[in-house]
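Reading the structure
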Amino acid sequence: MSDIYHRLILPAGRSIVPGRILHAALLAVFLSAMGVVPALADDPIDIDFPSEPLISVWEHSDKVDIAPMIKEVGFNTVWTHDKPYDGKMKLEDTLMYRHMKTPGVKYIIAKIERGIWGWKFDEAMRHAAWIAELSLTHKEIIGLYLNDFYEETEETAKGGHSADEFRQIIAQAKGINPRLAIWAPCYPPGDLDKPYDFDIDAIIFSFYDTTQLQNHEQLLDQVLKKFPGKPILGSLYLDAGSEHRWLTEQEFKGLMDFFVEKVNEGRLAGIRVFRVESLIQRPEYVIWLKESLSKLKRP
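Notes on the structure follow. (Residues numbered from 1 in each chain as written. Predicted model: local features only at pLDDT ≥ 70, side-chain atom pairs only at ≥ 80, totals over all residues. Heavy atoms only, no water.)

What follows covers the overall build of the protein. A count of helical and extended segments in the protein gives 10 helices and 13 strands. The proportion of buried residues among the 299 residues of the protein is 51%. Accessible surface computed for the protein: about 14000 Å², of which carbon and sulfur atoms make up 53%. (Helix = DSSP H or I, 4+ residues; strand = E, 2+ residues; numbered from the N terminus. Buried < 20%, exposed > 50% of the residue type's maximum accessible area, 1.4 Å probe, protein only. Areas by Shrake-Rupley, 256 points an atom, 1.4 Å probe, with all protein chains shown as cover.)

A regular strand places its side chains so that they alternate between the two faces of the sheet. Taken across its six residues, strand β8 (residues 181-186) has six buried, putting it largely inside the fold. As judged from the four bridges shared by β8 and strand β9 (residues 202-207), these two strands associate in the parallel manner. Opposite C186, over in β9, you have F205 as the bridge partner. (Pairing = 2+ DSSP bridges.)

Membership of the largest hydrophobic core comes to 74 residues, with the highest contact counts inside it found for F75, M96 and V273. Ignoring anything within four residues of it in the chain, the contact list for V273 reads S56, V57, W58, F75, L236, L238, M256, L279 and L289. Core analysis: the next-biggest nonpolar cluster, separate from the first, contains 19 residues, L54, I142, Y145 and A240 among them. (Core = buried A, V, L, I, M, F, W, Y, C linked by side-chain atoms within 4.5 Å. Contact = heavy atoms within 4.5 Å.)

On to the environment of K63. If you trace the backbone, K63 turns up in the loop between β4 (54-58) and α2 (67-74). Given the relative accessible area of 76%, K63 is considered exposed. Placed 214 residues apart in sequence, K63 and E277 show a C-alpha to C-alpha distance of 9.5 Å.

With that out of the way, let us pick up empty space enclosed by the protein. Across all of its chains, the model carries one cavity of 30 Å³ or more by this definition. Taken as a whole, the largest cavity spans an internal volume of roughly 40 Å³. Along its surface, the largest cavity is lined by T80, H81, D82, A110, K111, H127 and I131. Taken together, the elements giving at least two residues each to the lining of the largest cavity come down to β6 (107-112) and α4 (121-137). A class-by-class count of the residues in the lining of the largest cavity yields two nonpolar, three polar and two charged. (1 Å grid on protein atoms, 1.4 Å probe; cavity = no way out; pocket = protein on both sides within 12 Å on 5 of 7 lines; lining within 4 Å. Points joined across faces, edges and corners; volume = space filled by probe spheres on them. Nonpolar A, V, L, I, M, F, W, Y, C, P; charged D, E, K, R; others polar.)

The next point concerns the sheet that holds β6. Spatial ordering of the closed barrel is given by β4-β5-β6-β7-β8-β9-β10-β13, a layout of eight strands whose pairing is parallel. Pairwise comparison of adjacent strand axes, ignoring direction, gives a mean angle of 25° for this sheet. Strand direction decides the pairing type here: strand β10 (residues 232-237) and strand β13 (residues 270-274), joined by five bridges, are parallel. Of the residues in β13, the one forming a bridge with L236 is V273. Against the sheet, helix α7 (residues 216-226) engages β8, β9 and β10, with an angle of about 160° to β9. (Axes fitted to C-alpha atoms, helices over the stretch in contact; angles between N-to-C directions.)

Have a look at this one:
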C-alpha cells in the first residue's frame, strides 16, 4: 500500500507533499500572527488519499466475479457493498474482503446504504464504526460512501436517513479514524444547489440523468467551484436515466474521454464506472473504456 500517503489538498487542487508541510505550517503561523484567518471553505483537507488516480468500478452483487474485468480493464479501486455490520460479522465473510483480495485491487470504498432500502439508523451507525475501525489496520479501505445522500434526506418519510442522522454517522466514523475519507455523490444539476454543509471529504460527480450529458463541461466547472480542494471522481452509468437506457457509443466515449482528460490535468482524482455486471452484459463498452483509459497519464 505504498501508494497511500498523507497529503494536504489546496483549494486550487494542488497538493503539499510531505517535504513542504513544514513551510506550509510556518506560513500558517505567520498569517495567524498577522490576524489573517483563512475561510473554512479554503481550509486544507486532512485525509489519507492515494497519490495515483482512482480507476474505479462498482459491483454490489456477490454473484459477479469481478476478477476478469479488474485484470482486463486495469481497475485499481472497487466500491463495494455488504449487509450492515451486526456485531458478529467477520471481515473474511464479506464481499468487501473478496474484492479486497482480488488481484489488481488496491483500494476499497465501503458503503452506508440508504434507509429507504432497509438500513436502520442504528445499523448505519454500527457499520460506520466497523468500517472506520477496519480502516485503521486495513489500509486498502480508503473511504466510506454515503449512498445517494441528499436524495436519502429528502425521503425521511419513507425511512431515509435524515440530515441530522448523517451528521451522526459521519461523526461516528471520524471519531474513530479522522483520516478516513467520507464520500458523497453530487448528481448534476439538482444537487449543485444543495448546501453540502457536512464534514464530507470527497465527491462523486455522477451522471445519471442522460439529459445532462451534453452539459458535462459546464457542470464540471460548477462542481469544481462548489467543492474547492476536495478530491472529485467523474462517474457514469452505462444504463442510466429515468428511461433506463444504455449510453450510446458517442455519449460513452465523449464523457469518458472528457473524464480522462480532466484526470490528466489534475482536476479530477479519477473515474468510476457503474458497474462490472453491465460491462459483462455489454462487452463493447469494455473496448471503448480501454481505448479511453489508454490516454490516461499514469505515475
